[in-house]
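Observations on chain architecture
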Amino acid sequence: EGAYEAANYLIRCGHKHIAYMDYDSEDISLMDRKNGYLQALTDNGIEKNEKLIIHLKGKKEVEEAFGHFFADPASDDVTAFFFGTDETALNGIYYLNQLGKSVPSDISVCGFDNSYLGRSVIPALTTVAQDFSGIGANAAKLLFEKIEGGNDNCNVVYVPAKLVIRDSVKDLTK
């Protein structure tokens, strides 16, 4: 839900060529973020382009991934990046600056997690905030149900997320 909302926000701001970057992971929350991004593209009539989806194998791969990405002509039309975590978004902003690209003037950036560091950088990072209290409460409830023997199923519980609009996204419609 949060990733879908963030990708929709980028699209409402006029971005049609949005790259997605995150770790190549079996983590269900990271897969849901990518799926939310893809669903927003589909719902807005934007065709999925595999060249705009970048999977990182490790944390130190962001610089290398950007080098390969911007060497490909498919990157020429990209106006925004949606990162699956704030950590990758902040690394992305650093490497975009190293490549001479200004955020948000040249390229917009959106993250996910509402990390305290996202408020501290310039420009402040547009991101998605998770309700960690709600996540913890649901986890505790499921654990107690399991302990009491009332729930042997593996449940996935979705807790609403909230888009936090800051300064890292340029509105191309204005």
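Preceding this section is the structure that the text describes.
Throughout what follows, the structure given in this document is the object of discussion. (Residues numbered from 1 in each chain as written. Predicted model: local features only at pLDDT ≥ 70, side-chain atom pairs only at ≥ 80, totals over all residues. Heavy atoms only, no water.)

Turning to the pattern of salt bridges, a few remarks are in order. Under the counting rule described, the total for this entry stands at 4 salt bridges. The closest approach of N and O atoms between D113 and R33, which form a salt bridge, is 3.4 Å. A residue pair is termed long-range when its members are at least 10 positions apart, and D113 in the loop between strand 4 (108–110) and helix 5 (116–120) and R33 in helix 2 (residues 28–43) qualify at 80 residues. Notably, a salt bridge pairs K48 with E50, separated by 2.7 Å at the nearest N-O pair. (Salt bridge = Lys/Arg side-chain N within 4 Å of Asp/Glu carboxyl O. Helix = DSSP H or I, 4+ residues; strand = E, 2+ residues; numbered from the N terminus.)

This part is about the nonpolar core. Ranked by internal contacts, the top residues of the largest apolar core, which has 46 residues, are M21, Y37, F66, F81, F82 and V109. It is helix 1 (residues 2–12) that provides the largest number of residues to this core, a total of 6 residues. With residues near it in sequence (within four places) discarded, M21 still touches I54, L56, V62, A65, F66, F81, F82, F83, G84 and T88. (Core = buried A, V, L, I, M, F, W, Y, C linked by side-chain atoms within 4.5 Å. Buried < 20%, exposed > 50% of the residue type's maximum accessible area, 1.4 Å probe, protein only. Contact = heavy atoms within 4.5 Å.)

This part covers the state of the cysteines. Working definition: the covalent bond between the sulfur atoms of two cysteines is a disulfide. One pass over the full model with this rule turns up 0 disulfides. Unpaired in this structure, C13 has its nearest cysteine sulfur neighbour in C110, at a distance of 9.6 Å. Judged by relative accessible area, C13 falls into the buried class, the value being 5%. (Disulfide = S-S within 2.5 Å.)

A separate point is helix 2. Since the α-helix advances by 3.6 residues per turn, residues separated by three or four positions end up pointing in the same direction. End to end, helix 2 covers 22 Å across 16 residues, agreeing with the expected 22 Å (1.5 Å per residue, within 8%). Along helix 2, the residues that are buried comprise L30, R33, G36, Y37, L38, A40 and L41. Along its buried surface, helix 2 packs onto helix 1, strand 1 (18–23), strand 2 (53–56), strand 3 (80–83) and strand 5 (127–130). In the segment just after helix 2, G45 is the residue with positive phi, at about 70°. (Expected span 1.5 Å × (residues − 1).)

In this section: the side chain of T85. By the element assignment, T85 lies in the loop between strand 3 and helix 4 (86–98). The exposure class of T85 is buried, given its relative accessible area of 9%. Excluding residues within four positions of it along the chain, T85 makes contact with D22, Y23, L30, R33, G111, F112 and D113.

Okay, the packing of helix 1 against helix 2 next. Each pair of packed helices can be summarised by the angle the axes make with each other and by the distance between the axes. Two elements in contact, helix 1 and helix 2, have axes separated by 7 Å at closest approach and are oriented at 40°. Viewed along their axes, helix 1 and helix 2 adopt a mutual orientation that is oblique. For the pair helix 1 and helix 2, the crossing hand works out as right-handed. Contacts between helix 1 and helix 2 involve A3, Y4, A7, N8 and I11 from the former and R33, G36, Y37, Q39, A40, L41 and D43 from the latter. Classifying every residue of the contact of helix 1 with helix 2 gives 7 nonpolar, 3 polar and 2 charged. (Axes fitted to C-alpha atoms, helices over the stretch in contact; angles between N-to-C directions. Parallel < 35°, antiparallel > 145°, perpendicular 65-115°, else oblique. Left-handed = near helix turned anticlockwise from the far one by under 90°. Nonpolar A, V, L, I, M, F, W, Y, C, P; charged D, E, K, R; others polar.)

Our focus in this paragraph is helix 3 (residues 62–71). Along helix 3, the residues that are buried comprise V62, A65, F66 and F69. Angularly, the buried residues of helix 3 cover 100° about the axis, an arc narrow enough to put them on a single face. The exposed set on the far side of helix 3, more than 90 degrees from its buried face, consists of H68 and A71. Buried residues along helix 3 sit against strand 1, strand 2, strand 3 and helix 4. (Arc of directions from axis to C-beta.)

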